[in-house]
Amino acid sequence: MTRIPVPLTQFVVKMHSRCDLACDHCYVYEHADSSWRSRPKVIGDGILAKAAERIGEHAIAHRLSAVRVVLHGGEPLLAGPDRLRRAAEALRAALPPDCALDLRIHTNGVLLSEAYCALFAEVGVKVGISLDGDKAANDRHRRFADGRSSHPQVLRAVALLNRPEYRHLFAGLLCTIDIENDPVAVYRALVELRPPAVDFLLPHATWEEPPKRLPGDAAQTPYADWLLTVHRLWETDRRPFAVRTFESVHRTVRGLSSLTESLGLEPSDLAVLETDGTFEQADSLKTAYDGAPVTGMNVFAHSIDDLARHPGIAARQSGLAGLSATCRACPVVRACGGGLYAHRYRADNAFDNPSVYCGDLMTLINGIAGSGGSARGSARGAASAAASPSASAAGSGPVPAQGSGSPLSAPVAATRLSSAQLDELARGYGGADTVAALSSAQLALTRAMLAAAWDASGQGRAEAWELLSELDVAAPAEVDAVLGHPYARAWAARRLAGDLSVGLGPMAALAAAAAVRAGRGDAVQVPARGGGLHLPTLGWVELPDGEAVVTGRADGFEVRASDGSVRTELDRPLRRVRLAGGWTVALEDLDPLRDSHDHPVAGRLPEAELLAWTGALREAWELLGRDLPRYAEGLRAGLGTVTPLRPGPTGRDVSSAARQAYGAVAIARPATAPTLALLLAHEFQHVKLGAVLDLFDLYDRADDRLYLAPWRPDPRPLEGLLQGTYAHLAVTEYWGTRTAAYDGLAGEAADRARAQFALWRRYTAEAVERLAESGALTGLGVRFAEGMGESVAPWLAVPLPAAAERDAGRARQERLATA
């Protein structure tokens with residue numbers, strides 16, 4: 001049996017196949033597919049039980065740390081509370097203990113009642129509601145069959161979910177765009193409802209049934225214009241709720257993963273179970289043609305692995321290779337991903353087309369990127385910004401003033417953090433927009449350092465530099481993705497520090513990787529060393545040593561070795577782990593420059609260790625979302641790489657962050673997922689603070705005194721004390737939330753959590769005081785230290801048993817004795 005390429009982690013379970021509304025834009029009843037007519041109205045208990053069993057089997061076989069199930073319809077509330085309860089209980093019972101269930105229901109809200117909310121609170125079901133905006137907008141499509149408005153009932157449902165006892169159930173709103181609706185009125189109506197998230201959905205359409213265009217409207221991209229209006233309001237209001245479309249554009253233009261199936265090149269991992277027990281592909285395919293989602297499989301005869309091997313599902317997991325030639329040649333393809341699969345359909349060639357919304361997606365992505373979401377900055381602009389008093393590039397070394405004059409180093413404005421964002425970081429946190437701003441500044445600094453290192457090499461306008469500069473104009477997102485790789489800057493940092501042993505090959509490898517990603521047919525010569533060639537962000541090709549030529553093609557790449565042999569595949573691809581919610585991190589075990597950390601790095605992970613890392617990362621991410629949600633948001637926005645380290649001495653956890661490797665942390669896989677979660681949060685604090693110190697002077701860099709950190713016996717420079725204190729804000733909060741979780745409970749785990757909490761809150765508070773008393777902080781540094789103090793102060797007020805304080809005192813003495 002062939003191994004499945006991507007496990008399925010998201011399942012839509014149709015609880016009821018009919019609906020109490022008659023929305024005229026519904027893809028289930030109003031589009032090409034008519035299979036609902038022949039299906040049972042309600043899913044049977046036997047089908048639910050077997051579906052739960054199948055999902056549980058799949059979770060165990062692939063060591064999934066989380067599964068998302070959406071109870072759907074029709075209108076799922078028509079299935080009744082008893083059946084919904086049985087569904088929730090069956091799914092939870094079938095999953096292994098180490099696999100979390102993210103259970104949701106998507107409803108029009110008409111039938112949502114307090115009784116339903118109480119049930120969902122009891123069995124752990126989050127609620128998403130369809131609402132198209134203000135009354136006029138919503139009534140355009142979402143009406144009862146007799147023409148009555150559904151708007152009052154939906155507002156009542158949202159009000160229920162906003163009550164304090166049910167607010168935690170509120171997953172968000174789904175708003176289908178209609179360009180006849182006023183985007184400002186729609187946005188304002190949704191903001192007033194205080195949703196945690198809003199998904200703005202393009203109405204389903206194909207090349208056979210194109211989307212609505214207004215008569216006499218000269219706009220060529222009305223859907224992009226509508227969304228960009230909303231985006232401007234959303235940014236002005238400081239992002240009052242999450243919007244996956246906007247956040248996905250911000251992420252994908254930086255080379256990170258998308259949060260939605262409708263954008264980016266991430267593989268789809270979703271399947272649908274209908275009320276008759278048949279498995280189908282994504283529901284959106286119902287808009288293409290009658291029977292489009294059909295797989296010919298059912299829950300009794302086929303496993304989830306069987307389903308994952310279906311050609312239709314595999315087609316949505318093939319990334320760039322699965323797109324049309326037009327898409328593969330497009331400069332924004334990695335952000336767009338060809339759009340939603342269903343929207344590409346044309347009768348004569350099926351799905352081998354760009355999206356019917358192609359122009360709108362291009363305009364939307366460029367519009368959001370141009371508003372500040374893109375991290376594309378210039379090398380020379382970053383160099384001048386680094387030299388300015390308000391944006392000091394402290395710690396990065398001097399950046400020469402001369403430049404090569406290439407497009408890669410054309411002047412641009414520097415990235416700035418707002419005062420509110422700096423205060424947020426001072427308290428230890430940093431939401432998605434704040435960390436995105438740090439990422440943008442770091443990418444600009446990387447460009448500056450690469451330009452300076454190349455200038456210093458005296459190579460002038462050599463082939464690799466020329467190609468990288470050309471691609472920066474023709475395929476900027478691909479260049480950003482490569483230069484945003486954490487170890488792209490490591491080469492420049494070493495060269496600028498006078499280490500010429502690294503040679504110029506890494507710059508050629510960066511150009512080659514960008515060429516492969518762009519797929520335009522560009523070629524560049526790259527030296528192969530150590531039995532192969534490393535392409536940053538992509539992987540390793542085994543080659544004899546010598547000069548190789550790498551050519552990027554629309555359908556892949558070609559590497560011609562020095563002996564004339566040709567390779568067209570990666571021998572060791574960079575492996576990525578997809579986590580709950582669509583976040584993806586790379587396990588970097590290939591890059592020769594990953595040794596930037598102060599611990600020995602591990603070699604290529606064998607299959608068993610890769611699986612162990614995958615399971616541990618998935619579980620750790622779930623724990624971070626639960627125990628450190630304010631830190632998890634920044635991690636998701638800025639951490640793209642985990643570099644495995646060699647294990648440390650027995651019983652000692654080893655982890656590291658490198659100042660010149662923004663976006664990466666290095667860790668030796670610990671014994672437990674909770675420890676991995678703590679190490680991820682701890683090390684990413686160092687990553688964030690390093691980025692802040694590249695922008696601002698927080699202390700007098702002429703101060704050469706040494707300071708004692710409470711957790712170490714050896715004195716350290718002031719920056720070492722500052723870095724440790726900042727990292728331990730997350731450690732304190734981690735143990736604080738664990739202590740709260742054990743409230744009223746006894747046992748060894750509870751006692752350890754309380755003792756660790758007592759220890760680290762004391763350590764961190766003392767360290768903040770030492771920073772404040774040092775006299776070496778700048779005015780901005782004093783403000784930053786005050787923010788750290790504000791963060792730790794509430795934890796100091798939490799009462800703890802005397803035994804916990806005594807245990808913390810003993811642990812402190814033991815730590816100092818053995819450090």
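Refer to the structure printed above.
(A) Region of the structure containing the overall build of the protein chain. Each helix and strand counted, the protein chain has 27 helices and 23 strands in total. Taking 28 Å as the expected radius of gyration for a compact globule of 819 residues, we find that the protein chain reaches 27 Å, a close match to that expectation. Oriented by its inertia axes, the alpha-carbon framework of the protein chain measures out at about 80 × 70 × 55 Å. The buried share of the protein chain, reckoned over its 819 residues, is 59%.

(B) Region of the structure containing the packing of helix α15 (residues 419-426) against helix α26 (residues 779-796). One can describe the packing of α15 onto α26 by two numbers: an axis separation of 7 Å at closest approach and a directional angle of 55°. It follows from the interaxial angle that α15 and α26 lie oblique. Note on element contacts: α26 touches α15 through Leu780, Arg783, Phe784, Gly787 and Met788, opposite Ser419, Leu422, Asp423, Leu425 and Ala426. Of the residues that constitute the contact of α15 with α26, the class distribution is 6 nonpolar, 2 polar and 2 charged.

(C) How the structure looks around the packing of aromatic side chains. Tallied over the entire structure, the rule returns 18 aromatic pairs. Ring plane angle 45° and centroid distance 6.5 Å describe the contact between tryptophan 711 and tryptophan 760, whose orientation is recorded as tilted. With tryptophan 711 in the loop between β22 (706-707) and β23 (716-717) and tryptophan 760 in helix α25 (residues 748-773), this pair connects stretches of sequence that are 49 residues apart. Like tryptophan 760, tryptophan 711 is buried. With 6.2 Å between their ring centres and 70° between their planes, tryptophan 711 and tyrosine 763 make a pair best called edge-to-face. Linking tryptophan 711 in the loop between β22 and β23 with tyrosine 763 in helix α25, this pair joins segments that are 52 residues apart in sequence. Taken as a pair, tryptophan 711 and tyrosine 763 share a single burial class, namely buried. Among the aromatic side chains, those forming a connected cluster through ring pairs are Phe200, Trp226, Trp234 and Phe246. Positioned over the ring face of tyrosine 429 is arginine 630, at 3.9 Å from the centre of the ring.

(D) Fine view of helix α20 (residues 505-518). With 14 residues, α20 extends 20 Å from end C-alpha to end C-alpha; this agrees with the ideal 20 Å at 1.5 Å per step. Of all 14 residues that make up α20, 13 are buried, and the element is covered over most of its length. Just past α20, the residue glycine 519 takes up positive phi, approximately 60°.

Conventions and cut-offs
- Residues numbered from 1 in each chain as written.
- Predicted model: local features only at pLDDT ≥ 70, side-chain atom pairs only at ≥ 80, totals over all residues.
- Heavy atoms only, no water.
- Helix = DSSP H or I, 4+ residues; strand = E, 2+ residues; numbered from the N terminus.
- Rg over C-alpha atoms; globule rule 2.2 N^0.38 Å.
- Buried < 20%, exposed > 50% of the residue type's maximum accessible area, 1.4 Å probe, protein only.
- Axes fitted to C-alpha atoms, helices over the stretch in contact; angles between N-to-C directions.
- Parallel < 35°, antiparallel > 145°, perpendicular 65-115°, else oblique.
- Contact = heavy atoms within 4.5 Å.
- Nonpolar A, V, L, I, M, F, W, Y, C, P; charged D, E, K, R; others polar.
- Phe/Tyr/Trp six-rings, centres within 6.5 Å; stacked < 30°, edge-to-face > 60°.
- Lys NZ or Arg CZ within 6 Å of the ring centre and 35° of its normal.
- Expected span 1.5 Å × (residues − 1).

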